[in-house]
Amino acid sequence: MTVVASAPQAALDTAMIRQDFPILQRRIHGARLVYFDNAATTQKPQAVIDRLQRYYRDENANVHRGVHTLSVEATGAYDAARERVRAFVNAADAREIVFVRGATEAINLVAASYGRAHIGSGDEVVVSEMEHHSNIVPWQMLCEEKGARLRVAPITDAGELQLEAFAQLLGPRTRMVAVAHVSNALGTINPVEEIVRLAHQRGIPVLVDGAQAVAHMPVNVQALGCDFYVFSGHKVLGPTGIGILYGRAALLDAMPPYQGGGDMIRSVTFERTTYNDLPNKFEAGTPNIAGAVGLAAALEYLTSLDLERVAAHERDLLGYGTAALAEIDGLRLTGTAARKAAILAFVMRDVHPHDIGTILDREGVAIRAGHHCCQPLMARLGVPATARASLALYNTREEIDALVAALHTVRKVFA
Ligand SMILES: Cc1ncc(COP(=O)(O)O)c(C=O)c1O
């Protein structure tokens, strides 16, 4: 009998992958760039840069309105990009994929359209303490307009959602739950399936902010069971100015349009306008066509590498980095959840995070320092700001060593 052992998962070939990202060859202040600001935006592979160039060089035309060849080709590329996104998040239907500017616009769209139609005086929206401002402020604005109430699910000191307290917040007036899949400031991976289960038991829809998830783990919106899922192209190796709103077709269908203009209409008279079908109903005006095809190229690139392998590589870096940072005198990690993405956020005794960021930059190490658009979370943690190294598929253990060496320099400067 032949026993076929399952092949061990091949590790990512980061040396090869790094060749695909021209910017990683740059030197900063004479040192090799170590790019650890991936939660703010990821770098772009040559395949995306080439795709954008090819679109503008060979295919540029407006979509949907032309019968000439270029317009037909641009429309085909735009539609194919939508299908690529659908497959990437495993949505049931390409009509459930709406192109927007980014995660922020997607959340604003849902708050303005679904929210205005379904949330009224005395109703409640539940978010968590770890949300990005983009997943707080649109709901807060809606609540102010409608006389509704924003309720906030607490987190533990480690940065994990307190699920029982979250469940207790869900009541007869809760009309929406909006939570991050992965926290940009802590790295915490939230138990989205469980959150959805608890909310759906009470008939409450769930929006998941996937801005920090999609580049780092496979995402399957049908398996998650969420009603809305949003992300930004630029955080998943794609261009800026393009993002995705996934919404279940039945919900999107019933929602009023977000903006009025071209493409979102079926017919217009001065008396009355009727609206287009999904997804066009939510895409008023000329869309970011180049952004969409560039995003499709990014997703194709990422898919070819296999997101399970990407996740395994980043888990290895997270473990290595967590252990290495623990050795630095006076450094404390903020965000130590059991399920974490590769985000190393920290504070150092007697050193402001901005000073850490500035000294690290001199050594070529790009991190972010500040509140990370999470001021309420900073208040919860009792710090004005943190330093954050956020990792991606092209990062290496050697780069973590460079971060650690630079942090020792910080320690010396402030000794
Ligand atoms: C968790 C999270 N949500 C939303 C956003 C907003 O993304 P964008 O600025 O691309 O709209 C970010 C950006 O940092 C984020 O990290």
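Look above for the structure.
Nothing here was measured: the structure is a model prediction, and the numbers come from that model.

Calculation criteria
Residues numbered from 1 in each chain as written. Predicted model: local features only at pLDDT ≥ 70, side-chain atom pairs only at ≥ 80, totals over all residues. Heavy atoms only, no water. Helix = DSSP H or I, 4+ residues; strand = E, 2+ residues; numbered from the N terminus. Rg over C-alpha atoms; globule rule 2.2 N^0.38 Å. Buried < 20%, exposed > 50% of the residue type's maximum accessible area, 1.4 Å probe, protein only. Contact = heavy atoms within 4.5 Å. Near = heavy atom within 4 Å. Polar contact = N/O pair within 3.5 Å; in protein donor to acceptor, adjacent residues only side chain to side chain. Areas by Shrake-Rupley, 256 points an atom, 1.4 Å probe, with all protein chains shown as cover. Nonpolar A, V, L, I, M, F, W, Y, C, P; charged D, E, K, R; others polar. Axes fitted to C-alpha atoms, helices over the stretch in contact; angles between N-to-C directions. Parallel < 35°, antiparallel > 145°, perpendicular 65-115°, else oblique. Salt bridge = Lys/Arg side-chain N within 4 Å of Asp/Glu carboxyl O. Phe/Tyr/Trp six-rings, centres within 6.5 Å; stacked < 30°, edge-to-face > 60°. Expected span 1.5 Å × (residues − 1). Arc of directions from axis to C-beta.

(A) Spatial organisation of the overall build of the chain. The number of helices and strands found in the chain is 14 helices and 17 strands. Against the globule reference of 22 Å for 415 residues, the chain gives a C-alpha radius of gyration of 22 Å, in line with a compact fold. Counting only C-alpha atoms, the chain reaches 75 × 60 × 55 Å along its principal axes. Here the chain, with 415 residues, has 55% of them falling under the buried criterion. Of the contacts made within the chain by residues no fewer than 6 positions apart, 71% connect residues no fewer than 24 positions apart.

(B) Here's a closer look at the site of the ligand. As a matter of local geometry, the ligand sits amid Ala103, Thr104, His132, Ser134, Asn184, Asp209, Ala211, Gln212, Ser232, His234 and Lys235. Between glutamine 212 and the ligand, the recorded distance is 2.7 Å, taken from a side-chain N or O atom to an oxygen atom. Here an oxygen atom of the ligand and a side-chain polar atom of serine 232 are 2.7 Å apart. Protein contacts shield 84% of the accessible area of the ligand, which totals 390 Å² for the unbound molecule. Split into classes, the residues belonging to the shell around the ligand amount to two nonpolar, seven polar and two charged.

(C) Main features of the packing of helix 2 (residues 46–59) against helix 3 (residues 69–89). The contact between helix 2 and helix 3 brings their axes to 10 Å, and the two run at 160°. When the axis of helix 2 is compared with that of helix 3, the two are roughly antiparallel. For the pair helix 2 and helix 3, the contacting residues are Arg51, Tyr55, Asp58 and Glu59 in the first and Leu70, Glu73, Ala74 and Ala77 in the second. Classifying every residue of the contact of helix 2 with helix 3 by side-chain character gives four nonpolar, no polar and four charged.

(D) Region of interest: the pattern of salt bridges. Tallying each qualifying case throughout the model produces 22 salt bridges. One salt bridge in this structure joins aspartate 123 and arginine 175, with 3.3 Å as the shortest N-O distance. Of this pair, aspartate 123 sits in the loop between helix 4 (103–118) and strand 5 (124–128) while arginine 175 sits in strand 7 (residues 174–180); the two residues are 52 residues apart in sequence, bridging distant segments of the chain. Assessed through its relative accessible area of 26%, arginine 175 is described here as partly exposed. Note that arginine 149 and glutamate 124 form a salt bridge whose closest N and O atoms lie 3.6 Å from each other. Here glutamate 124 lies in strand 5 and arginine 149 lies in strand 6 (residues 149–153), a separation of 25 residues in the sequence. Relative accessible area serves as the criterion here: at 46%, arginine 149 is assigned to the partly exposed category. Here the residues in one salt-bridge network are Asp37, Arg368 and Arg388, joined through shared partners.

(E) Spatial organisation of the packing of aromatic side chains. If you walk through the whole model with that rule in mind, you get five aromatic pairs. Judged by centre distance (5.3 Å) and plane angle (70°), the rings of tyrosine 55 and tyrosine 56 are edge-to-face. The exposure class assigned to tyrosine 55 is buried, which follows from its relative accessible area of 1%. A relative accessible area of 53% places tyrosine 56 in the exposed class. Counting every residue linked through ring pairs, the aromatic cluster contains Phe21, Tyr301 and Tyr394.

(F) Here's a closer look at the environment of tyrosine 258. Tracing the backbone shows tyrosine 258 in the loop between helix 9 (249–254) and strand 11 (265–268). Accessibility expressed as a relative area gives 27% for tyrosine 258, which makes it partly exposed.

(G) Up close: unusual backbone geometry. For the peptide bond that leads from leucine 278 to proline 279, omega is -5°, which places it in the cis range. Along the chain, the position of proline 279 falls in the loop between strand 12 (273–275) and helix 10 (289–305). Look at histidine 29: it is not a glycine, yet its phi comes out positive at around 50°. Within the fold, histidine 29 resides in the loop between strand 1 (27–28) and strand 2 (31–32). With a phi angle near 70°, aspartate 350 is a residue other than glycine that sits in the positive phi range. Mapped onto the secondary structure, aspartate 350 falls in the loop between strand 14 (343–348) and helix 12 (353–362).

(H) View of the environment of leucine 170. With respect to the helices and strands, leucine 170 occurs in the loop between helix 6 (163–169) and strand 7. You can call leucine 170 buried: its relative accessible area is 7%. Spatially, the C-alpha atoms of leucine 170 and alanine 199 are 7.1 Å apart, while their sequence positions differ by 29 residues. Beyond its immediate stretch of four places on either side in the chain, leucine 170 contacts Val126, Val177, Leu198, Ala199, Arg202 and Ile204.

(I) Helix 11 (residues 307–326), seen in detail. Look at helix 11: 28 Å from first C-alpha to last across 20 residues, which is about the 28 Å you get at 1.5 Å a residue. All of the buried residues in helix 11 are Leu307, Val310, Ala311, His313, Glu314, Leu317, Leu318, Gly321, Ala324 and Leu325. Buried residues of helix 11, viewed axially, fall in a sector of 160°; they line one side. Among the exposed residues of helix 11, those oriented more than 90 degrees off its buried face are Arg315 and Ala326. Structurally, helix 11 contributes buried residues whose contacts are with helix 1 (14–19), helix 3, helix 10, strand 13 (331–333), strand 14 and helix 14 (397–413). With a side-chain oxygen positioned 2.9 Å from the backbone nitrogen of glutamate 308, the residue opening helix 11 is aspartate 306.

(J) Spatial organisation of the side chain of aspartate 227. One can find aspartate 227 in the loop between helix 8 (221–224) and strand 9 (228–232). Reaching out from aspartate 227, the side chain makes a polar contact with the backbone nitrogen of valine 206 at a distance of 2.8 Å. Polar side-chain contacts of aspartate 227 include one of 2.5 Å to the side chain of arginine 248.

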